[in-house]
Amino acid sequence: MTRTTTVVIGAGQAGLAMSRCLSELGIEHVVLERGKIAHRWRTQSWDSLRLLTPNWMTRLPGFQYGGPDPDGFMSVPELIAFFERYAASSAVPLVTDTAVHSVERWGDGFRVATSRGEWSAASVVVATGYCDRPAVPLVSRQLAPSVAQLVPSDYKHPEQLPAGGVLIVGASSTGVQLADEIQRSGRQVTLAVGRHTRLPRRYRGRDILWWLDALGSLSQGADAVQDITRSRQQPSLQLVGKPDHSTLDLRTLHDRGARLVGRVRDIDGYRVRLSDDIVATTAAADVKLAEMLTRVDRFIETHGAIASPPEPFNPTWPLGISAPDNLDLQDEHIESVIWATGYRRAYPWLHVPVLDARGEILHRGGLTPHAGLYVLGMNFQRRRNSSFIDGVGDDARAIAGEIARVATHVRVA
Ligand SMILES: Cc1cc2nc3c(=O)[nH]c(=O)nc-3n(C[C@H](O)[C@H](O)[C@H](O)COP(=O)(O)OP(=O)(O)OC[C@H]3O[C@@H](n4cnc5c(N)ncnc54)[C@H](O)[C@@H]3O)c2cc1C
């Protein structure tokens, strides 16, 4: 068994940022990764995916984008290369192709068993990702077997889908991007719309994330919101990073011929029952958008920021159009369903009592109820941007500080 002070599990942005912060404090550690650096991006992205955050937001502790296009959006190969450079610059003590099979208590610390040996450590940081596994609703099991079902992590490009129409369930960032690409490829897309956060790509001459960054919305702390559980359940930003900086929203998709319908309520073979909620859902997103843009307008006024005049935003749902309350997939020639319905996490290897009834790690700002065990990269962990590339660094610094504080007092078996 190899002894170290801290084992970090996962070499995505969270694990790499954690390693950098531990090294800065002189804390001995190892990063265990089941694949290679940025394994999730390598294996679970679709071909055309680009970051929805602009390059200037690709900032991690001690390292940030320094290329010629700060306002552009990285492709996945560019992002992987960025993470590789980051790991090299931090001299991350990385052990790749090593899957963690179990973490258990061991003396005052932990024993970490992997596919390639065992480690003992005073502390463990779980950095295995918020977008760990697809969260697919149970109704998916009622779908006729001849209809192909996919999750975004299995989707690469439209040609892999069977011929025919496609039902995409979920209209956050992933759902609208796939809907756009698949509709453009010549297939009829039906998009079942649930709660979403509508945002224009640009507003008043700047990227919308520039304004949200300036407003401090992205770095808002968990203590500053009324109900952190509710805030953590907010849908992801309906944004896409395209080289032309264009906006992709439901209105655009409707204009391109995609059909928008309400939430999927129930499925019986080929029959899909839909909620009569699309007008309400889109209106709610429009109201939130208007509130947010008003905050930007106020910021511009108060700070005298240089900005172009406000652009008007039309309501999403075109007046006079009604959405169906059910679909017959056979009649509509819909041959595949993509569940863009979010993510969940699973920790079958974590044998320390820190999981709640739903299997989520209990934590406060990344500190679990079990001393020495930490989690990093969770949605709104300490701040709204905790699971973003731009936000994970702050949380990593805080956890490294905590590990440094207790490290000297813990004896490892
Ligand atoms: C489609 C999509 C687009 C996104 N776009 C953006 C964006 O534009 N900007 C932005 O800031 N954020 C974006 N995000 C959010 C976030 O940046 C990503 O989810 C990112 O991957 C999170 O990094 P992470 O290090 O926390 O987790 P991950 O990247 O998931 O890394 C976790 C690592 O842990 C490893 N691992 C898991 N289990 C084990 C085990 N048992 N043993 C060893 N290793 C293990 C995995 O192989 C993986 O490498 C996006 C997310 C998704 C899903």
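Placed above this text is the structure.
Cut-offs and rules
- Within any chain, residue numbers begin from 1 and follow the written order of that chain's sequence.
- Note on the predicted model: pLDDT of at least 70 is required for a residue's local features to be given, and 80 or more for side-chain atom pairs to be given and counted; whole-chain, interface and lining totals, by contrast, use all residues.
- Calculated side-chain values reflect all of the structure's heavy atoms, with hydrogen atoms and water omitted.
- By the criteria applied, helices consist of DSSP H or I runs no shorter than four residues and strands consist of E runs no shorter than two, each listed in order from the N terminus.
- The atom set for the radius of gyration is the C-alpha atoms, and the globule formula is 2.2 Å times the number of residues raised to the power 0.38.
- Throughout, a residue-residue contact means that at least one pair of heavy atoms, one from each residue, lies within 4.5 Å.
- Here the accessible surface of atoms and residues is derived via Shrake-Rupley with a 1.4 Å probe, and residues count as covered only by protein chains that are part of the display.
- Paired strands, as defined in this entry, are two strands with at least two bridges between them according to DSSP.
- The convention used is that axes are lines fitted to C-alpha atoms, helices contributing only their stretch in contact, and that angles between N-to-C directions extend from 0 to 180 degrees.
- By nonpolar core is meant a set of buried Ala, Val, Leu, Ile, Met, Phe, Trp, Tyr and Cys residues that side-chain atoms within 4.5 Å join together.
- Burial classes: relative accessible area under 20% of the type maximum marks a residue as buried, over 50% as exposed, and values in between as partly exposed (1.4 Å probe, protein chains only).
- Polar contacts, as used here, are pairs of N or O atoms within 3.5 Å; protein pairs need one atom able to donate a hydrogen and one able to accept it. Residues neighboring in sequence count only if both atoms are side-chain atoms.

Caption draft 1: The arrangement of the overall build of the protein chain in detail. Each helix and strand counted, the protein chain has 9 helices and 23 strands in total. Computed over C-alpha atoms, the radius of gyration of the protein chain comes to 22 Å, within 12% of the 22 Å expected from 2.2 N^0.38 for 413 residues, which places it in the range of a compact globule. For the protein chain, the C-alpha atoms occupy an extent of roughly 70 × 60 × 40 Å along the three principal directions. Across the protein chain, contacts joining residues at least 24 apart in sequence account for 70% of those joining residues at least 6 apart. When the accessible surface of the protein chain is totalled, it reaches about 18,600 Å², and 50% of it is carbon and sulfur.

Caption draft 2: Geometry of the sheet that holds strand 20 (residues 326-328). Spatially, the 3 strands line up as an open sheet ordered 18-19-20, and their pairing is antiparallel. Looking along the sheet, the strands with just one partner apiece sit at the ends: strand 18 (264-268) and strand 20. Direction aside, the axes of adjacent strands within the sheet are offset by 15° on average. Sheet analysis places strand 19 (residues 271-274) next to strand 20, joined by 3 bridges and oriented antiparallel. When the sheet's bridge partners are listed, Arg271 is paired in strand 20 with Asp328.

Caption draft 3: The nonpolar core, seen in detail. In this structure, Met18, Phe83, Ile168, Ile182, Leu191 and Ile338 are the most contacted members of the largest nonpolar core, which totals 59 residues. Looking at this core, the elements that each hand over two or more residues are helix 1 (13-24), helix 3 (76-90), strand 11 (165-169), helix 4 (173-184), strand 12 (189-192), helix 7 (250-255) and helix 9 (392-407). With 7 residues, the single largest contributor to this core is helix 3. In this structure Ile168 touches Gly175, Leu178, Ala179, Ile182, Val189, Thr190, Leu191, Ala192, Ile338 and Ala340, once residues within four positions along its chain are discounted.

Caption draft 4: Molecular detail of the side chain of Gln183. Inspection of the secondary structure assignment puts Gln183 in helix 4. Within the local environment of Gln183, its side chain forms a polar contact with the backbone oxygen of Arg256, the two atoms lying 3.4 Å apart. Not counting residues up to four positions away in its chain, the partners in contact with Gln183 are Gln188, Val189, Arg256, Gly257 and Ala258.

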